[in-house]
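# Reading the structure
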Amino acid sequence: LISFWIENEKLNISQPKFKTTLVEIMLNDKELPFEFYDNIEKDIGWDKDGDIVGLCIKLGSKNINNTENLNDILHNVFTEIIGLDNFLETNKNNYIFVILKLETEDNLEEVLNSIYGKINNSIKKHEVSIGVSNTYKYLKDINKLHDESYLAVLFSNHDIIYFNSLDTIKLLYPLKDD
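Residues numbered from 1 in each chain as written. Predicted model: local features only at pLDDT ≥ 70, side-chain atom pairs only at ≥ 80, totals over all residues. Heavy atoms only, no water.

Our next topic: the nonpolar core. Leu55, Ile57, Phe78, Leu100, Ile115 and Ile130 are the most contacted members of the largest nonpolar core, which totals 26 residues. Put simply, the parts of the chain that give this core at least two residues each are β1 (51-61), α4 (67-82), β3 (95-102), α5 (108-122) and β4 (126-136). When sequence neighbours within four positions are dropped, the list of residues in contact with Ile57 reads Phe78, Asn94, Tyr95, Ile96, Val98, Ile119, Val128, Ser129 and Ile130. Counting residues in hydrophobic clusters, the runner-up holds 19 residues, among them Phe36, Tyr37, Ile44 and Ile142. (Core = buried A, V, L, I, M, F, W, Y, C linked by side-chain atoms within 4.5 Å. Buried < 20%, exposed > 50% of the residue type's maximum accessible area, 1.4 Å probe, protein only. Helix = DSSP H or I, 4+ residues; strand = E, 2+ residues; numbered from the N terminus. Contact = heavy atoms within 4.5 Å.)

Dropping the structure here:
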């Protein structure tokens, strides 16, 4: 159905709400075929070399007035730094989950420092924490991207923390399904 709409140009895959819907579908349906992810990667231009990384951003605040405004600010920051077609996002409560497609020449640490700095400069009333997953090659690893970045942000103290730096969690995470 999605492919049909895209082919008939009734949907623009670059629309933020459509991207959010795609992320929600991928996170909530564990039985999607590999071809689904492969087609999404091709449709959004992620079938080139590079890595995919998940970020979970937690905004702590004394006063959250307008979450739509926050989402617009975050969307603008990611568009400016990584490009409109190089990220997917969704949010729940005060957690924003973002998937980035990094070009081969992109330096993950530099990209994250730019994102963190711009978010902090744009939203002064919020304390920003970013959890970062391991990098993967394919979008089909979206659940790992989500889980790892979410676990990492839980240990963040208003900074950037990488999942691979959490030794105890790395040992326990594979047991989560048991």
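We now examine the pairing of β4. Within β4, eight of the 11 residues are buried, leaving the element largely enclosed by the surrounding structure. In this sheet, strand β5 (residues 160-162) lies alongside β4 in parallel orientation, the contact comprising three bridges. Note that in β5 the partner of Ile130 across the bridge is Ile160. (Pairing = 2+ DSSP bridges.)

All right, on to unusual backbone geometry then. In this structure, His158 is a non-glycine residue whose phi angle is positive, near 60 degrees. As for its position among the elements, His158 is in the loop between α6 (142-154) and β5.

Taken together, the six bridges between strand β2 (residues 87-92) and β3 define a ladder with antiparallel strand orientation. Across the sheet, Asn91 pairs through a bridge with Ile96, a residue of β3. Linking β2 to β3, which pair antiparallel, is a turn of two residues; within it Asn93 sits at a positive phi near 55 degrees.

Take the side chain of Ser133 next. Tracing the chain through its elements places Ser133 in strand β4. A polar contact of 2.8 Å, which involves the side chain of Ser133, links it to the backbone nitrogen of Gly54. Those residues within four positions of Ser133 in sequence are excluded, and the remaining contacts are Val53, Gly54, Lys144, Leu145, Glu148, Ser149 and Phe163. (Polar contact = N/O pair within 3.5 Å; in protein donor to acceptor, adjacent residues only side chain to side chain.)

Averaged over all residues, the pLDDT of the protein chain equals 82, while 81% of them reach at least 70. The secondary structure element of the protein chain with the lowest average pLDDT is helix α1 (residues 2-7), at 54, and the one with the highest is β5, at 94. (pLDDT = per-residue confidence, 0-100.)

What follows covers the layout of surface pockets. Roughly 400 Å³ of internal volume is contained in the largest pocket. What lines the largest pocket is a set of 17 residues, among which Leu27, Thr90, Lys92, Phe97 and His146 lie closest to the centre. Per-element tally for the lining of the largest pocket: the top contributor is α6, with five residues. Broken down by class, the residue content of the lining of the largest pocket amounts to seven nonpolar, six polar and four charged. Taken as a whole, the second largest pocket encloses approximately 320 Å³ of empty space. As for the second largest pocket, its lining consists of 10 residues, of which Pro16, Lys17, Thr20, Asn71 and Asp72 are closest to the centre. Counting residues per element, the ones that place at least two in the lining of the second largest pocket are α2 (16-28), α4 and β2. It is α4 that contributes the most residues to the lining of the second largest pocket, four residues altogether. Of the residues in the lining of the second largest pocket, the class split is one nonpolar, five polar and four charged. (1 Å grid on protein atoms, 1.4 Å probe; cavity = no way out; pocket = protein on both sides within 12 Å on 5 of 7 lines; lining within 4 Å. Points joined across faces, edges and corners; volume = space filled by probe spheres on them. Nonpolar A, V, L, I, M, F, W, Y, C, P; charged D, E, K, R; others polar.)

This part is about the packing of aromatic side chains. Between two aromatic rings, the relevant description is the distance of the centres plus the angle of the planes. For the structure shown, the criterion picks out three aromatic pairs. Centre to centre, the rings of Phe36 and Tyr37 are 5.9 Å apart; their planes meet at 85 degrees, and the pair counts as edge-to-face. Both residues of the pair, Phe36 and Tyr37, count as buried. Each ring, one from Tyr95 and one from Tyr150, has its centre 5.2 Å from the other, and the planes form 65 degrees; the classification is edge-to-face. On the criterion of sequence distance, the pair formed by Tyr95 in strand β3 and Tyr150 in helix α6 is long-range, its members being 55 residues apart. Judged by its relative accessible area of 21%, Tyr95 falls in the partly exposed class. For Tyr150, a relative accessible area of 32% translates into the label partly exposed. A cation sits over an aromatic face here: Lys19 above Phe87, 5.2 Å from the ring centre. (Phe/Tyr/Trp six-rings, centres within 6.5 Å; stacked < 30°, edge-to-face > 60°. Lys NZ or Arg CZ within 6 Å of the ring centre and 35° of its normal.)

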